[in-house]
Amino acid sequence: MPVPPHARGYASFGGSAGRTSAESTPDWTYPPTAPAGSPNIVVVLVDDMGYSDIGPFGSEIETPTLDRLAAQGVRLSNYHTTPLCSPSRAALLTGINSHRAGFGFVANADPGYPGLRLELADDVLTLPEILRGNGYATYAVGKWHLVRDATMNPSAHRDSWPTQRGFDRYYGSLEGLNSFYYPNQLVSDSSVVDVQEYPQGYYLTDDLTDKALSYIKDLRAHDAEKPFFLYFAHVAMHGPLQAKAEDQAKYRGRYDQGWDELRRRRFAQQLAQGLFPPGTEQKPRNTEPGYEAAEWDSLSADEQRRYAKYMEVYAGMVDSIDQSLGRIVDLLDDLGELDNTIIVFTSDNGGTAEGGPEGTRSYFAEFAHIDDPDWVGDVPHDEDLIGTAKLGVHYPRGWGQASNTPFRFYKGQTFAGGVRVPLVVSWPKGLPRTGTDSGIRHEYAYVTDLAPTLLDLAGLDRPSVRNGLPAKDFDGISAAELLRDPAAPTRHTEQYSEMTGHRGFYRDGWKLLSLHDADADIDAPNWQLFDVRADPTELHDLSAQYPDKAGELATAWDESAWANTVFPLLTRADLFRRRPEEARFAAPVRLLPGTPTLERYRSQRLIAYRDFTITADLTGARPPAGATAPATSRASDAAPDVAERAEVAGFQLGDEGVLVAHGDPLGGYLLYIEDGEVVLGVNSYGRYASVGVPLPIGTREITVRATIEPRLRWDFTIQVDGTPLAELTDQVQLVGMAPWTGISVGVDARGPVSWDLRERRGPFRYTGSLRAITYTPGPVQVPQRTIDAVEREAEYAAE
């Protein structure tokens, strides 16, 4: 079409513009579109699940969906990851070694070094960013854990949040773990979901699955062809272990023979499946101090019965994950898209020893454990509550050892038990099984290989720039050829690892490993050398026999560590250093009614290792007579119209409800008024105590003072208009990431601090006049006798 004589062009406009549309030529710009026939991509990442916990890798747990995918797909028997959550997620989503991506540790610290930035940098491209740039829809559900805990609050920047890192939609938990019945905080896209009370029968894995299915259905309702990337990062199997009753019931009695027998059965199944060559050995038990698991037959009958219950819960959770994946597979089948969908299933690290030798009644109490048997005041608990919403437990580490069959050690260590995990890949259209191919690949692969492999399989390119900066290159190498050809050699021939002083280096079938003793010099590794081609379970140290090889790999580790910003190596105390600006989190704060539940870390900084004061000002405007808020309403919707308010000073007969609540069944405290009494309740990691006192009519101010006492205790005093009226003494301090749910004003939101109160009154929104709740924290007090508790907290955060 000829250009009109009076038309002029505009910069970057492909048409022409005259004075009217009759003299102009239109033009449109379009977003990128994926090549025709591009596969959907689904990556399912499980948390803290060991090598042997699914059927295709030797488990007795029922995983029919994974069995089906493995039967038509590929299993990588020699796949490795990092020892901890955040580093593995960063490496998977970027294809970059975890330290170079900024995640040499979990996102619960901030020591101030490049390899421990604990947020994704501006020059780090993510897989969803690349896929979205190639025309994919991108969705994430579940655990993120790539945001520093200090930047999870609404005033912080969101540069490392999912929707700023390439995902169109996100639903899940930014934290490293969560309750499965009462999540402390869920985020939808970039906003916190303002939940007051979770519905009856709520279970987190089901909620995440529902959301994932809705994203796919929504896309297909609007676009029948656009490929999608779904990143489903399960919160399971991370503690606390909680499973639905029906899933637990399936495994009743199956673990009565114990973990030693379970390891024998699983290893025999792994050998029968061809995951390891004949002659591979399995060490009977971990026996190293601090890592040892008791011989099952040495336990009492009561211990065996209780410990077996923990594993029934764990198995029910694995079963639930397979059910979740089955729902996604069924939807893809219904849509006719299963054959052209790449499905990857793996774990972020090995099974954990976080439950200690005996298992825990309270997961968060274990975080804060000190060597004092009377500290928590624990008593034998009702075994029927294990795995329910009322307890946040973790299994004894003997089950973690069984999870990692046939390997040594656990999550957190660089030995195979911490880093060698299952990997299943299915793509019927692009990776069809042919001839005598068993579908098992024994060649080495690493977590950084996943991103380049998926791009290679989909035939997509990676840009070299992000936000105008040269993007860091992949460290991973595509394993597409390995997936397609059972005879193909690995192209990933060497790899360093490091975590909290534990070290490793792999090169061409040799592996150099060092297990760090927390009391030893962090830069004095005790190297062990293994030929993992002949000894895949790392049992026979050859360092004395081949000192030159050990020296060669030690030098290579050092060079790789410098290249990947592993240095400086940090002691526990240095690792948990925080930036000075975080001091503002402990400044006094005034919280108004209607304030959404505070974020967990911000709330905890107001009380951890401190004296603190909570002041409830009851001189606010009163709701009109008879006005009540629906039980499921948002706090911000509950306030009546200002014109209907009448100023009445202080407490009046009939006023009742929660003034402030902080925590949930796993630990917390709350202050409420009921039947004319003000009551303070303290939940010490599941053990509840309370004190109440009659409240005079006209009371204007209620104050709770918490005073630190020896042995990590608090003494509480209730004051009414300045007069002390009641005490609750010798209560265990809530530290070690507790309370898990943040502070709510005028309601006990999300998980109940008091089970009795929730069952009687629900969230129990306050009906009287409440102007504000004010927190006034004192200085941090960590006396020498509690230093061990702080270090123990750091240790478990690292695991």
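Residues numbered from 1 in each chain as written. Predicted model: local features only at pLDDT ≥ 70, side-chain atom pairs only at ≥ 80, totals over all residues. Heavy atoms only, no water.

## A closer look at the overall build of the protein
Link 1 in the chain: A tally of helices and strands in the protein yields 17 helices and 29 strands.
Link 2 in the chain: Against the globule reference of 28 Å for 799 residues, the protein gives a C-alpha radius of gyration of 28 Å, in line with a compact fold.
Link 3 in the chain: Restricting the contact set of the protein to residue pairs at least 6 apart, pairs at least 24 apart contribute 74%.
Link 4 in the chain: Of the accessible surface of the protein, which amounts to about 29700 Å², a share of 50% is contributed by carbon and sulfur atoms. (Helix = DSSP H or I, 4+ residues; strand = E, 2+ residues; numbered from the N terminus. Rg over C-alpha atoms; globule rule 2.2 N^0.38 Å. Contact = heavy atoms within 4.5 Å. Areas by Shrake-Rupley, 256 points an atom, 1.4 Å probe, with all protein chains shown as cover.)

## Examining helix α6 (residues 258-273)
Link 1 in the chain: With 16 residues, α6 extends 23 Å between its outermost C-alpha atoms, agreeing within 8% with the 22 Å of an ideal straight helix rising 1.5 Å per residue.
Link 2 in the chain: For α6, the complete set of buried residues consists of Gly258, Trp259, Asp260, Leu262, Arg263, Arg266, Phe267 and Gln270.
Link 3 in the chain: Residues of α6 that are buried in the fold lie against α7 (301-335) and α9 (397-403).
Link 4 in the chain: Just beyond α6, the residue with positive phi is Gly274, at close to 85°. (Expected span 1.5 Å × (residues − 1). Buried < 20%, exposed > 50% of the residue type's maximum accessible area, 1.4 Å probe, protein only.)

## Details of helix α2 (residues 85-94)
Residues lying three or four places apart along an α-helix face the same way, a consequence of the helix completing one turn every 3.6 residues.
Link 1 in the chain: α2 sits mainly inside the fold: ten of its ten residues count as buried.
Link 2 in the chain: Within α2, burial applies to Cys85, Ser86, Pro87, Ser88, Arg89, Ala90, Ala91, Leu92, Leu93 and Thr94.
Link 3 in the chain: The elements touched by buried residues of α2 are β1 (40-46), α3 (127-133), β4 (137-143), β8 (228-233), α11 (450-458) and β15 (494-499).
Link 4 in the chain: Just downstream of α2, Gly95 is the residue with a positive phi angle, here 70°.

## A word on the sheet that holds β1
Note: strands within a sheet are paired through backbone hydrogen bonds, in either parallel or antiparallel orientation.
Link 1 in the chain: Strand order in the open sheet formed by ten strands is β7-β6-β5-β4-β8-β1-β9-β10-β2-β11, with mixed pairing between adjacent strands. The outermost strands of the open sheet, each flanked by one partner alone, are β7 (191-192) and β11 (440-441).
Link 2 in the chain: As paired elements, β4 and β8 share six bridges and run parallel to each other. What sits directly across from Gly142, in β8, is Ala233. (Pairing = 2+ DSSP bridges.)

## Describing the sheet that holds strand β20 (residues 610-617)
Link 1 in the chain: As summarised here, the arrangement of the six strands in space is β19-β29-β20-β25-β26-β27, forming an open sheet in which the pairing is antiparallel. Every other strand in the sheet has two partners, leaving β19 (589-591) and β27 (723-732) as the edge strands with one partner each. Each strand axis lies, on average, 15° off the axis of its neighbour in the sheet, ignoring direction.
Link 2 in the chain: Pairing geometry for β20 and strand β29 (residues 772-780), over seven bridges, is antiparallel. Its bridge partner being in β29, Arg610 is matched across the sheet by Val780. (Axes fitted to C-alpha atoms, helices over the stretch in contact; angles between N-to-C directions.)

## Details of the packing of helix α1 (residues 64-72) against α7
Link 1 in the chain: Packing of α1 against α7 brings their axes to within 8 Å, and their N-to-C directions diverge by 55°. Between α1 and α7, the angle is such that the two are oblique. Each of Pro64, Thr65, Leu66, Arg68 and Leu69 in α1 lies in contact with α7, whose residues at this interface are Asp322, Leu325, Gly326, Val329, Asp330 and Asp333.
Link 2 in the chain: Looking at the contact of α1 with α7, its residues break down into five nonpolar, two polar and four charged. (Parallel < 35°, antiparallel > 145°, perpendicular 65-115°, else oblique. Nonpolar A, V, L, I, M, F, W, Y, C, P; charged D, E, K, R; others polar.)

## Overview of the packing of helix α4 (residues 204-222) against α7
Link 1 in the chain: Between α4 and α7, the least distance of the axes is 10 Å, while the angle of their chain directions is 15°. Considering the angle they form, α4 stands roughly parallel to α7. Between α4 and α7 lies a crossing of right-handed hand. Packed against α4, whose contacting residues are Thr205, Asp206, Thr209, Asp210, Leu213, Ile216, Lys217 and Arg220, the element α7 presents Ser320, Ser324, Arg327, Ile328, Leu331 and Leu335 at the interface.
Link 2 in the chain: Split into classes, the residues belonging to the contact of α4 with α7 amount to five nonpolar, four polar and five charged. (Left-handed = near helix turned anticlockwise from the far one by under 90°.)

## Describing the environment of Thr774
Link 1 in the chain: Take Thr774: it is sitting in strand β29.
Link 2 in the chain: In the structure, Thr774 is positioned 311 residues away from Pro463 in sequence and 50 Å away in space, judged by C-alpha atoms.
Link 3 in the chain: Not counting residues within four places of it along the chain, the set of residues in contact with Thr774 comprises Val589, Arg590, Thr613, Ile614 and Thr615.

## Some points on the confidence of the model for the protein
Link 1 in the chain: Mean pLDDT over the protein: 91, with 92% of residues reaching 70 or higher.
Link 2 in the chain: Across residues 370-380 the pLDDT falls below 50, and counting only partners more than four positions away or on other chains, this stretch makes 21 contacts in the model.
Link 3 in the chain: Here residues 627-646 is a poorly scored stretch, pLDDT under 50, and it has 23 contacts once near neighbours within four places are set aside; other chains count. (pLDDT = per-residue confidence, 0-100.)

## What about the environment of Gln72?
Link 1 in the chain: As for its position among the elements, Gln72 is in helix α1.
Link 2 in the chain: In the structure, Gln72 is positioned 487 residues away from Glu559 in sequence and 41 Å away in space, judged by C-alpha atoms.
Link 3 in the chain: Discounting residues that sit within four places of it in the chain, Gln72 has contacts with Ser426, Pro428, Leu431 and Arg433.

## So, the packing of aromatic side chains
Link 1 in the chain: Here the structure, examined in full by the defined rule, presents 34 aromatic pairs.
Link 2 in the chain: Measuring from centroid to centroid gives 6.1 Å for Phe415 and Phe530, while their planes differ by 70°, and the two rings are edge-to-face. With a gap of 115 residues between them, Phe415 in the loop between α9 and α10 (416-419) and Phe530 in strand β18 (residues 527-531) connect regions that are remote in the sequence.
Link 3 in the chain: Classification of Phe415 by relative accessible area gives buried; the value is 0%.
Link 4 in the chain: Their ring planes at 80° and their centres at 5.3 Å tell us that Phe612 and Trp714 sit as a pair that is edge-to-face. Remark: Trp714 occurs in strand β26 (residues 713-720) and Phe612 occurs in strand β20; sequence separation between them is 102 residues. Of the two residues, Phe612 and Trp714, neither departs from the other in class, the shared state being buried.
Link 5 in the chain: Here the aromatic cluster, defined as three or more aromatic residues joined through ring pairs, consists of Tyr51, Phe57, Phe267, Phe276 and Phe407.
Link 6 in the chain: Directly above the aromatic system of Trp161 lies the positively charged group of Arg158, at a separation of 4.6 Å from the ring centroid.
Link 7 in the chain: Here the basic side chain of Lys390 rests over the ring of Trp755, its NZ or CZ set 5.2 Å away from the ring centre. (Phe/Tyr/Trp six-rings, centres within 6.5 Å; stacked < 30°, edge-to-face > 60°. Lys NZ or Arg CZ within 6 Å of the ring centre and 35° of its normal.)

## Quick look at unusual backbone geometry
Link 1 in the chain: Residue Ala236 is joined to Met237 through a cis peptide bond whose omega torsion reads 15°.
Link 2 in the chain: Mapped onto the secondary structure, Met237 falls in the loop between β8 and α5 (245-249).
Link 3 in the chain: Cis geometry is adopted by the peptide bond preceding Pro739, which originates at Ala738 and carries an omega value of -5°.
Link 4 in the chain: Tracing the chain through its elements places Pro739 in the loop between β27 and β28 (743-745).
Link 5 in the chain: The phi torsion at Thr500 lies on the positive side, around 45°, for a residue other than glycine.
Link 6 in the chain: Tracing the backbone through its elements, the reader meets Thr500 in the loop between β15 and β16 (502-507).
Link 7 in the chain: A relative accessible area of 16% places Thr500 in the buried class.
Link 8 in the chain: Despite not being glycine, Tyr685 shows a phi value in the positive range, around 55°.
Link 9 in the chain: By the element assignment, Tyr685 lies in the loop between β23 (677-684) and β24 (687-694).
Link 10 in the chain: Its relative accessible area of 1% is what places Tyr685 among the buried residues.

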